[in-house]
Amino acid sequence: MTGTVAVLVFPGTNSEDETLRAVRAVGLEGELVHWSQPEKLARFDAYILPGGFAYEDRIRAGAVAAHDALMDPVIEAAQAGKYVLGICNGAQILAEAGLVPGTGPLRRPTAAFAPNASGRFQSVHVHVRLAVDPGRVPILAGIEPGAVIPAWASHGDGRLAAPEAELARIERDGHLAFVYCDRDGNPVAAPNGSALSCAGLVNAEGNVLAVMPHPERDAWTFQHLDATRDAVRGNTEETLAPSGGIVFFEAFARAVLAEAIA
Amino acid sequence: MTQTFAVTLTIPDNEAFTAFETLARLGIPVARVVRADIWLFVVDAPAGDLTATISSIETIHNPNKHRLLARDSDRPAPGEVWIASRDEARVTLVGGRAIPGVRAIRRRTAWRLLDDSGRDIAPADLERAVETFLCNPAFQVAITA
Amino acid sequence: MTATVDDAVARGRELGVALSDDELRRIAEHLERVPTATELFAFDAQWSEHCSYKSSREHLKKLPTEGPSVLLGVGEDAGIVRLGEWNGETYGIVVAHESHNHPSQVVPFEGAATGIGGIVRDVLCMGAEVIGIADPLRFGRLENEHCRYVAQQVVDGIAAYGNAIGVPNVGGDVFFDESFDDNVLVNVVALGLVKEKDIIHSRAPAGSVGWDIVLVGKATDRSGFGGASFSSLTLDEEDADQNKGAVQVPDPFLKNVIMRASYAVFAALRAEKIVAGFKDLGAGGLAGCSAELCAAGGMGAEVELDRVSTAQPELPPEVIAIGETQERLCWIVPTSFTPTLLSIYNEMYSLPRVARGACAAIIGKVTETGRYVAKHRGETVMDVDLEFLTGGVRYSRPYVLPVVEVEARELRRSLYHDAARNDYSRFEALSAILGHRDVCSRAPIYRRYDGVVRGCTAIPPGFADAGVLVPIPGASLGVALGVGGNPRYGKIDPARAAELAVIEAIAQVTAVGAVPAGLTDCLNFGDPTIPEQMGAFVAAVDGLTRASRQLGVPFVSGNVSLYNRSSSGNSVAPSPIVSCIGTLPDVSRSTTGRLRRPDSKLAFVGVLPRTAALGGSVYAELRGIRSRTLPEIDYQMFLAACEYVREGIARGVILGARDVSDGGLLAAAAEMAFAADSPIGFAFEEDCGLINHGEYGSASWFGEHVGYVIEVGKDEAVRAIADRDVPYYEFGWTIGEPFAERYDDGGALNERVLLADLREAWEAPLRAFYGASTGPSTSSG
């Protein structure tokens with residue numbers, strides 16, 4: 001039994017191929033589902049909203065897609081407890097859909113991945129650290145406490161913004177899934193000015209996860225910028241093998257497979 | 001004091017078109033959506049040539065696709081809603097350029113929702129459009145007349 | 001007939017076309033009637049410098065264009081080099097190189113954005129997936145308010161477009177020079193991936209009579225009318241507002257969707273084994289594109305302008321036919337395939353929902369007449385012989401080659417000696433060099449670009465001289481992209497500058513371990529009607545030809561941009577900008593340009609200078625040295641060094657490498673240290689200078705020699721590859737502490753600085769300019 005994962009493509013999405021590659025590399029059965037094929041969406045075990053600029057970020061990043069018909073089955077699935085993962089623009093869509101932190105009514109956002117403090121797009125290599133008890137994120141089954149994951153923060157709107165009370169609730173109730181850190185897991189200032197140094201949000205049930213940085217862009221050894229790639233120089237197979245950010249998808253796969261079997 | 005400008009597109013406004021489609025899906029009785037970029041310039045004294053200066057800054061006004069109009073008021077017109085960022089930083093540059101005599105620059109998006117006879121939709125409907133779609137209260141505020 | 005000819009000239013003048021009186025006469029004589037407005041604008045575009053290369057073609061044919069690595073040479077929208085074999089298929093890398101200089105000066109944000117839009121279509125229409133872009137930029141002085149504005153907006157425009165379409169920006173370079181104050185250079189290179197058997201050509205296929213001509217993309221509007229001839233005019237401040245109308249409005253979001261839809265069309269064509277024709281609409285608009293498609297296949301065309309989707313009512317036929325509205329492409333497909341094509345664009349990818357009026361629509365048929373016929377509201381508005389229209393005109397412009405002074409040895413010695421007298425320390429000089437506008441860190445720029453989207457980037461900008469992509473998932477094949485072209489050299493000697501540009505581009509891809517497979521160029525020069533400015537162009541082409549031939553790397557595509565000058569008539573610094581595509585059979589055998597570990601050796605491999613040559617160097621500028629002697633070139637030595645570096649990298653003996661270029665040896669070593677993953681510093685011995693002539697010490701360390709700085713490991717390993725006739729010169733070593741150290745002739749530590757201080761000098765200049773917030777983020781549209 002393999003877990004099936006739909007990778008959604010909205011007009012303007014641009015990271016679907018590498019996301020699909022990561023999904024397949026960890027043994028899941030991934031498929032791109034295009035905006036003109038909403039009828040296909042019901043039958044999947046899990047859903048990923050990849051990066052890009054759905055609907056050109058018109059009105060607000062993620063806002064139009066959150067109200068799109070394509071999201072109806074995804075929202076239903078999330079409410080039924082299926083796993084839904086949003087990366088970058090996907091994270092913005094999940095916030096606009098009210099699925100993360102998920103403390104208010106549907107499609108009535110209580111938090112936002114708002115424009116970066118610098119007012120512009122920025123692409124930098126980062127590390128993010130799991131900031132909640134692994135038990136709070138069943139969508140990343142068996143992930144190690146405090147796991148540090150390499151990724152690229154490539155976005156113009158990734159700054160967590162919410163009223164003070166909501167920020168307090170996000171912190172207190174375990175919605176702050178990932179924070180920015182250095183490679184050893186020590187806290188660093190968020191490159192985008194994000195509140196709580198937030199890099200990712202999770203809902204109360206732990207089945208919907210939104211992360212701003214892209215682990216799929218640092219998920220193969222040849223993509224690494226640290227010494228791990230030099231260590232396997234000359235070894236073709238190792239250089240092309242998944243590693244680094246792939247642990248994020250491995251954890252996701254464990255969750256989806258466990259669910260698919262159950 | 002503040003000098004206010006509205007910039008609209010002379011080419012098809014795809015953003016307004018998309019907003020219309022989404023609002024219609026949400027059941028808002030709207031037939032046409034009109035959008036404008038609002039630029040507010042806080043100045044020490046009325047700057048006569050401000051129009052000329054900003055009309056040459058492509059980020060604000062690109063004659064290929066924009067129309068620039070000075071407004072009398074720094075508040076929304078009746079029927080109009082402005083969306084602003086809640087935590088906007090004090091900005092004095094635009095497109096990397098400082099404008100002499102300008103102490104702060106603020107940007108808003110103005111929306112007008114019209115029914116099929118070209119009139120503003122009912123205030124209650126506009127409010128619903130703002131709450132359900134046009135404004136994310138987590139970081140934005142809606143300003144009406 | 002005379003009356004007709006006179007009327008034609010009068011008509012042309014009245015419509016404001018850029019065609020000369022002679023050209024108008026030729027057209028009237030050929031047609032034997034007064035041309036229509038649509039025809040006049042069509043000829044205006046097709047016979048413009050931009051489309052016809054009328055001044056440059058006779059010189060460009062000198063460039064070497066053939067070689068075993070070439071899959072498709074010069075002639076179509078882009079060239080293709082061989083990447084290698086994978087799973088029984090031959091893969092090629094499509095490469096195109098363009099300029100968008102004039103639009104970027106007038107409307108910098110949209111001009112630069114549109115530049116990317118255009119080059120991406122050039123690659124796409126070869127049937128390729130677009131995998132990478134790079135921007136060589138030449139800005140004016142940042143002390144000048146308007147130059148600052150242009151420099152900001154251009155970078156924002158590139159970021160806005162490239163990021164949205166999801167193509168990684170993997171390289172490019174930036175220079176600042178006063179000659180670009182009034183005329184910025186915005187060049188762009190794009191790469192694509194295609195299987196050799198799936199290449200689509202920009203021509204009506206054999207036997208395509210009766211096939212459909214399908215226009216895809218944005219609704220046609222008034223924007224970009226007159227673009228081709230506009231780009232061939234000198235910019236005049238007074239015309240700036242009027243010229244803005246000639247710049248198109250880009251829509252990267254629509255392009256994102258069109259690219260993906262086109263990939264789906266490629267798959268459908270493969271499945272049905274159909275050979276189609278595909279071309280992008282650039283200069284000359286719909287008529288230019290469809291005419292060139294049909295002319296290339298020896299066919300004719302009949303087009304109904306009323307079937308073109310328009311954004312504004314009542315567009316005159318000449319605007320529909322010639323206007324350069326962005327985000328449009330043209331297909332020639334058999335009628336049996338048309339429904340599939342239309343359904344992919346219009347339904348599956350729902351273009352009409354993405355942008356108002358956008359769609360794919362049949363607009364005409366391929367004919368066998370050899371004529372281009374366009375109809376509008378039942379009237380024939382264009383009926384011309386295709387060969388005459390697309391054959392263009394040719395000029396042999398008079399030119400005067402630049403006189404290059406050979407500097408007497410005594411003069412050079414006195415110039416350098418003067419500078420050496422009140423010498424500041426090596427590290428003071430290095431710090432100043434690292435903080436120079438042309439050397440300092442480009443991170444504040446490239447961080448605005450997405451360099452890693454698509455998940456194929458092995459080396460993003462900053463970690464090596466070349467960007468590296470691994471474009472086929474699962475395959476070890478890599479592509480490296482390097483760019484060269486120094487305006488300071490161009491001002492001194494355009495021919496030598498062109499040679500050094502080729503050398504630099506090749507050195508950059510070699511420094512990561514790649515084999516140079518092909519070159520592209522964008523030749524940015526002044527007014528071809530001024531013999532001196534034309535002469536600079538001719539000299540540069542000679543230089544490119546010499547370097548390409550000597551190094552055995554052919555040109556596979558290129559572009560010429562003339563009339564780059566200020567309103568006062570001065571040309572920009574002659575700027576032959578060259579990019580090199582390198583291929584890596586196994587990306588695991590590549591390396592980066594950063595220091596890796598302490599206690600390894602630092603060596604120079606390259607053209608060992610016989611004499612001091614600081615002309616055009618950053619150091620010379622900082623010290624006010626007026627020498628005009630450019631870096632020494634020795635092709636045999638350089639080739640030997642390239643082979644050495646490549647082999648050393650493949651064997652793992654060379655840990656990291658950079659080409660020397662701007663700033664010299666120590667600047668290259670410092671940049672390698674800044675890029676290191678852990679704190680590693682470097683040291684050098686003063687008496688290890690490459691040229692030991694007392695007052696020439698500075699020339700050793702700060703001369704911009706042709707060659708590489710390499711970090712090498714163990715002695716025995718070095719000997720394994722050093723056993724050949726290669727100029728190899730050890731000048732220093734790496735240290736496990738974050739310092740840079742200088743040892744004097746007796747081996748005593750003489751000067752020591754914190755790497756962090758050098759890094760700060762290197763990072764600060766553009767961080768202040770590009771790093772700070774530039775204002776409220778603007779909406780889309």
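See the structure above.
Residues numbered from 1 in each chain as written. Chains lettered and ligands numbered in written order. Predicted model: local features only at pLDDT ≥ 70, side-chain atom pairs only at ≥ 80, totals over all residues. Heavy atoms only, no water.

Student: Account for the overall build of chain A, with residues named and values stated.
Tutor: Each helix and strand counted, chain A has eight helices and 11 strands in total. The C-alpha atoms of chain A give 17 Å as radius of gyration, which agrees with the globular expectation for 262 residues (18 Å, within 12%). Counting only C-alpha atoms and orienting by the principal axes, one finds that chain A spans roughly 50 × 40 × 35 Å. Buried residues in chain A amount to 66% of all 262 residues. A total accessible area of about 8,200 Å² is found for chain A, and carbon and sulfur atoms account for 52% of it. Placing the 20 positive and 31 negative side-chain charges of chain A at their respective mean positions leaves the two points 3 Å apart. (Helix = DSSP H or I, 4+ residues; strand = E, 2+ residues; numbered from the N terminus. Rg over C-alpha atoms; globule rule 2.2 N^0.38 Å. Buried < 20%, exposed > 50% of the residue type's maximum accessible area, 1.4 Å probe, protein only. Areas by Shrake-Rupley, 256 points an atom, 1.4 Å probe, with all protein chains shown as cover. Lys, Arg positive; Asp, Glu negative; His and termini not counted. Charge placed at Lys NZ, Arg CZ, Asp CG, Glu CD.)

Student: Please give an account of the overall build of chain B that cites residues and values.
Tutor: When you go through chain B residue by residue, the secondary structure sums to three helices and eight strands. Going from N to C terminus, chain B has its helices and strands arranged as β-α-β-α-β-β-β-β-β-α-β. Relative to the 2.2 N^0.38 estimate, which gives 15 Å for 145 residues, the radius of gyration of chain B is 16 Å and therefore close to what a compact globule would have. Projecting the C-alpha coordinates of chain B onto the three principal axes gives extents of approximately 45 × 30 × 25 Å. Expressed as a percentage of its 145 residues, the buried residues of chain B come to 52%. Looking at chain B as shown, the accessible area adds up to about 6,300 Å², and 51% of this sits on carbon and sulfur atoms.

Student: If you had to explain the sheet that holds strand S12 (residues 371–376) of chain C to someone new, which residues and values would you point to?
Tutor: All names here are of chain C. As summarised here, the arrangement of the seven strands in space is S8-S10-S7-S11-S9-S12-S13, forming an open sheet in which the pairing is mixed. Here the strands that pair on one side only, and so sit at the sheet edges, are strand S8 (277–280) and strand S13 (379–385). On average, each strand axis in the sheet is inclined to that of its neighbour by 20 degrees, with strand direction left out of account. Note that strand S9 (residues 300–304) and S12 share four bridges and pair parallel. Note that in S12 the partner of glutamate 302 across the bridge is valine 373. (Pairing = 2+ DSSP bridges. Axes fitted to C-alpha atoms, helices over the stretch in contact; angles between N-to-C directions.)

Student: How would you explain empty space enclosed by the protein if you had to name every residue and give the values?
Tutor: Residue and element names in this part refer to chain C. Inspection of every chain in the model, using the stated rule, returns 11 cavities of 30 Å³ or more. Taken as a whole, the largest cavity holds about 160 Å³ of empty space. Lining the largest cavity are 19 residues, with Leu500, Glu504, Asp659, Ser661 and Glu704 positioned closest to its centre. The dominant element in the lining of the largest cavity, judged by the number of residues it contributes, is helix H21 (residues 494–510), at six residues. Here the lining of the largest cavity is composed, by residue class, of 10 nonpolar, five polar and four charged. (1 Å grid on protein atoms, 1.4 Å probe; cavity = no way out; pocket = protein on both sides within 12 Å on 5 of 7 lines; lining within 4 Å. Points joined across faces, edges and corners; volume = space filled by probe spheres on them. Nonpolar A, V, L, I, M, F, W, Y, C, P; charged D, E, K, R; others polar.)

Student: Any chance you could break down the sheet that holds strand S6 (residues 122–130) of chain A for me, citing the residues and the numbers?
Tutor: All names here are of chain A. Pairing within the open sheet is mixed, and its nine strands lie in the order S2-S1-S3-S4-S11-S10-S9-S6-S7. Edge positions in the sheet fall to strand S2 (29–34) and strand S7 (148–155), since each of these pairs with one other strand and no more. Recorded for the sheet is a direction-independent mean angle of 25 degrees between the axes of neighbouring strands. Where strand S4 (residues 83–87) meets strand S11 (residues 208–211), four bridges bridge the pair, whose relative direction is parallel. Among the inter-strand pairings, isoleucine 87 is bridged to a residue of S11, identified as valine 211. Across the sheet, helix H8 (residues 246–261) lies against strand S1 (4–9), strand S3 (46–49), S4, S7, strand S9 (176–181) and S11, angled at about 160 degrees from S4, the strand it touches most. (Contact = heavy atoms within 4.5 Å.)

Student: Give me the lowdown on the interface of chain C and chain A, citing residues and values where you can.
Tutor: Tallying the contact residues gives 59 residues for chain C and 41 residues for chain A. Carbon and sulfur atoms supply 48% of the area that chain C and chain A bury against each other, a total of about 3,900 Å² over both sides. Broken down residue by residue, the surface that chain C buries against chain A is led by C:Phe253, C:Ser588 and C:Asp677, which jointly contribute 15%. Linking chain C to chain A there are five salt bridges. Within the residue set of the side of chain C that touches chain A, elements represented by two or more residues are helix H8 (145–165), helix H11 (252–271), helix H14 (338–348), helix H15 (351–354), strand S14 (457–459), helix H24 (635–650), strand S21 (654–659) and helix H28 (755–771) of chain C. Taken together, the residues of the side of chain C that touches chain A sort by class into 24 nonpolar, 21 polar and 14 charged. (Buried area = accessible area lost by both parts, 1.4 Å probe. Salt bridge = Lys/Arg side-chain N within 4 Å of Asp/Glu carboxyl O.)

Student: Residues and numbers for the environment of C:Val439, please.
Tutor: Residue and element names in this part refer to chain C. Assignment of secondary structure puts valine 439 in the loop between helix H18 (426–434) and helix H19 (443–446). Linking valine 439 and serine 661, residues 222 residues apart in sequence, is a C-alpha distance of 9.7 Å. Excluding anything up to four places from it in sequence, valine 439 contacts Ile433, Leu434, Val618, Asp662, Gly663, Glu671 and Trp762.

Student: Tell me about the pairing of S3(A), and please be specific about residues and values.
Tutor: Residues and elements named next belong to chain A. Of the two faces of S3, both are covered, the one formed by Ala46 and Ile48 as well as the one formed by Tyr47 and Leu49. Across three bridges, the pairing between S1 and S3 is parallel. Across the sheet, residue valine 5 finds its bridge partner in S3, namely alanine 46. Judged from the four bridges that link them, S3 and S4 form a sheet pairing that is parallel. In the sheet register, alanine 46 faces S4, and the bridge partner there is tyrosine 83.

Student: So what about helix H22 (residues 531–551) of chain C? Which residues, and what values?
Tutor: Here H22(C) spans 30 Å end to end across 21 residues, near enough to the 30 Å set by a 1.5 Å rise per residue. Counting buried positions over the 21 residues of H22(C) gives 15, a clear majority of the element. (Expected span 1.5 Å × (residues − 1).)

Student: Tell me about the pairing of strand S18 (residues 555–561) of chain C, and name the residues and values.
Tutor: A regular strand places its side chains on the two faces of the sheet in alternate fashion. With six of its seven residues buried, S18(C) lies for the most part within the structure. For the crossover that starts at strand S17 (residues 515–524) of chain C, traverses H22(C) and ends in the parallel S18(C), the hand is right-handed. (Right-handed = clockwise from strand over helix to strand, strands pointing away.)

Student: So what's going on with the packing of aromatic side chains? Residues and values would help.
Tutor: Evaluated as defined, the whole model comprises 23 aromatic pairs over all chains. Each ring, one from A:Trp35 and one from C:Tyr349, has its centre 5.5 Å from the other, and the planes form 85 degrees; the classification is edge-to-face. On the criterion of chain membership, the pair formed by A:Trp35 in the loop between S2 and S3 and C:Tyr349 in the loop between H14 and H15 is interchain, its members lying in two chains. An angle of 75 degrees between the planes, with centres 5.8 Å apart, marks the rings of B:Phe5 and B:Phe41 as edge-to-face. Of this pair, B:Phe5 sits in strand S1 (residues 2–9) while B:Phe41 sits in strand S2 (residues 32–43); the two residues are 36 residues apart in sequence, bridging distant segments of the chain. Considered together, B:Phe5 and B:Phe41 belong to a single accessibility category, that of buried residues. The ring of B:Trp39 has B:Arg107 sitting right over it, with the charged end atom 5.9 Å from the ring centre. (Phe/Tyr/Trp six-rings, centres within 6.5 Å; stacked < 30°, edge-to-face > 60°. Lys NZ or Arg CZ within 6 Å of the ring centre and 35° of its normal.)

Student: Lay out unusual backbone geometry in plain terms, naming residues and giving numbers.
Tutor: A cis amide bond, omega -15 degrees, links A:Val100 with the succeeding residue A:Pro101. Despite not being glycine, A:Leu196 has its phi angle at roughly 60 degrees, a positive value. When you line up the elements, A:Leu196 lands in the loop between S9 and strand S10 (198–202). On the basis of relative accessibility, which here comes to 27%, the residue A:Leu196 falls in the partly exposed class. Positive phi is not limited to glycine here, since C:Arg454 has a value of about 85 degrees. Tracing the backbone through its elements, the reader meets C:Arg454 in the loop between H19 and S14. Classification of C:Arg454 as buried rests on a relative accessible area of 12%.

Student: Quick one: what's the story with the nonpolar core, residue by residue and with numbers?
Tutor: The biggest cluster of nonpolar side chains holds 260 residues, and the ones touching the most others in it are A:Phe178, A:Phe252, B:Phe41, C:Trp331 and C:Tyr345. Membership of the second largest hydrophobic core comes to 46 residues, among which are C:Leu24, C:Leu305, C:Ala321 and C:Tyr372. (Core = buried A, V, L, I, M, F, W, Y, C linked by side-chain atoms within 4.5 Å.)

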